[in-house]
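Examining the three-dimensional arrangement
Residues per chain are reported as follows:
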Amino acid sequence: MLRGIAIVLLVISCGLLGFTKSKAESGRIKDLKMLRRMTSLLSGAVSYGAVPLPSALWSVGGKMGNPYKEFMQQVSKELDDLSGQSFSEVFSRNVDCHLLNTHLRREDRENLKAMGADLGFLDKQMQLQTLQAYHAEVDQKIEELQEGLPVRMKLYQSLGIMGGLFFAILLI
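Attention here is on the structure that accompanies the text. Everything numeric in this text was worked out from a predicted model, so none of it was measured.

Quick notes on the overall build of the chain
From N to C terminus, the chain includes six helices and zero strands. N-terminal to C-terminal, the α/β element order of the chain is α-α-α-α-α-α. Taking 2.2 N^0.38 as the reference for a compact globule, 172 residues should give roughly 16 Å; the C-alpha atoms of the chain span a radius of gyration of 21 Å, well beyond that estimate. Seen along its three principal axes, the alpha-carbon backbone of the chain occupies a region of about 70 × 35 × 25 Å.

So, helix 4 (residues 87–98)
In a regular helix each residue adds 1.5 Å, so twelve residues correspond to 16 Å; helix 4 covers 16 Å between its end C-alpha atoms and thus fits that length. Buried within helix 4 we find Phe87, Val90, Phe91, Asn94, Val95 and His98. For helix 4, the angular spread of buried residues about the axis comes to 130°, placing them on one side. Looking at the buried positions of helix 4, the neighbouring elements they touch are helix 2 (53–61), helix 3 (68–80) and helix 5 (106–119).

Quick look at the packing of helix 5 against helix 6 (residues 124–171)
Here helix 5 crosses helix 6 at 165°, and the two axes come no closer than 9 Å. Taken together, the axis directions place helix 5 and helix 6 in an arrangement best described as roughly antiparallel. At the point where helix 5 passes helix 6, the crossing takes the right-handed sense. Between helix 5, through Glu107, Asp108, Asn111, Leu112, Met115, Asp118 and Leu119, and helix 6, the contact on the second element is made entirely by Gln127, Thr130, Leu131, Tyr134, Glu137 and Lys141. Here the contact of helix 5 with helix 6 is built from residues that sort into five nonpolar, three polar and five charged.

Section: helix 2
Burial in helix 2 covers these residues: Leu53, Pro54, Ala56, Leu57, Val60 and Gly61. Each buried residue of helix 2 lies within a common arc of 160° when the element is viewed along its axis, so the set occupies one face.

Remarks on a nonpolar patch on the surface
On the surface, a nonpolar cluster with roughly 360 Å² of combined accessible area is contributed by Phe19, Ile161, Met162 and Leu165. For the nonpolar patch, the element with the highest residue contribution is helix 6, accounting for three residues. With respect to the helices, strands and loops of the structure, Leu165 is situated in helix 6.

Describing the packing of helix 4 against helix 5
Where helix 4 contacts helix 5, the two axes come as close as 8 Å, and the packing angle between them is 160°. Comparing their axes, helix 5 and helix 4 come out roughly antiparallel. Relative to helix 5, helix 4 is oriented so that their crossing is right-handed. Contacts between helix 4 and helix 5 involve Phe87, Ser88, Phe91, Ser92, Val95 and Asp96 on the former and, on the latter, Arg109, Leu112, Lys113, Met115, Gly116, Ala117 and Leu119. Looking at the contact of helix 4 with helix 5 residue by residue, the class counts come to seven nonpolar, three polar and three charged.

Notes on the environment of Phe19
Here Phe19 is to be found in helix 1 (residues 2–49). Phe19 sits in the partly exposed class, given a relative accessible area of 39%. Remark: the alpha-carbon pair of Phe19 and Asn111, spanning 92 residues in sequence, is separated by 27 Å. Those residues within four positions of Phe19 in sequence are excluded, and the remaining contacts are Gln157 and Ile161.

Cut-off values and rules
Residues numbered from 1 in each chain as written. Predicted model: local features only at pLDDT ≥ 70, side-chain atom pairs only at ≥ 80, totals over all residues. Heavy atoms only, no water. Helix = DSSP H or I, 4+ residues; strand = E, 2+ residues; numbered from the N terminus. Rg over C-alpha atoms; globule rule 2.2 N^0.38 Å. Expected span 1.5 Å × (residues − 1). Buried < 20%, exposed > 50% of the residue type's maximum accessible area, 1.4 Å probe, protein only. Arc of directions from axis to C-beta. Contact = heavy atoms within 4.5 Å. Axes fitted to C-alpha atoms, helices over the stretch in contact; angles between N-to-C directions. Parallel < 35°, antiparallel > 145°, perpendicular 65-115°, else oblique. Left-handed = near helix turned anticlockwise from the far one by under 90°. Nonpolar A, V, L, I, M, F, W, Y, C, P; charged D, E, K, R; others polar. Patch = residues over 30% accessible without salt bridge, like charges linked within 9 Å, V, L, I, M, F, W, Y side chains within 5 Å. Areas by Shrake-Rupley, 256 points an atom, 1.4 Å probe, with all protein chains shown as cover. Salt bridge = Lys/Arg side-chain N within 4 Å of Asp/Glu carboxyl O.

What is shown is where atoms sit, not what they do.
In structure tokens form, the structure reads like this:
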């Protein structure tokens, strides 16, 4: 009796693991869309607002949801404090701090850090070009992910259930 309950729980937990992984894939696309929105708003603030980058980060952060709001506003605060650290260091540290618990993969965060490294010391025109290049890169990544999303979601779900059944058969 107890063994049967353990087997059923094993199958259910493996199935839920597959569903969780499939949900994370759709969450990654959602987070990439937030990064795309962030770069669009930041491009607008830099080009039309004619404000310094810390002020642009603060105002754009106010239009975003958490954790992106916290991320951008913390970068702005640290830049305004004039702590002597470069924009790249502040940006990179805050990416690691605030965006670690999102569905973004390590490569996504590294690409964002690379964009931040290029963004901090350039003139207005180069900042806009950097933002547009990153925006195009994120657009391409979203398009690639959306093409195969239904297949990958179904695959993760099926693998979770099948893995649970495989373990159940091994235990029987």
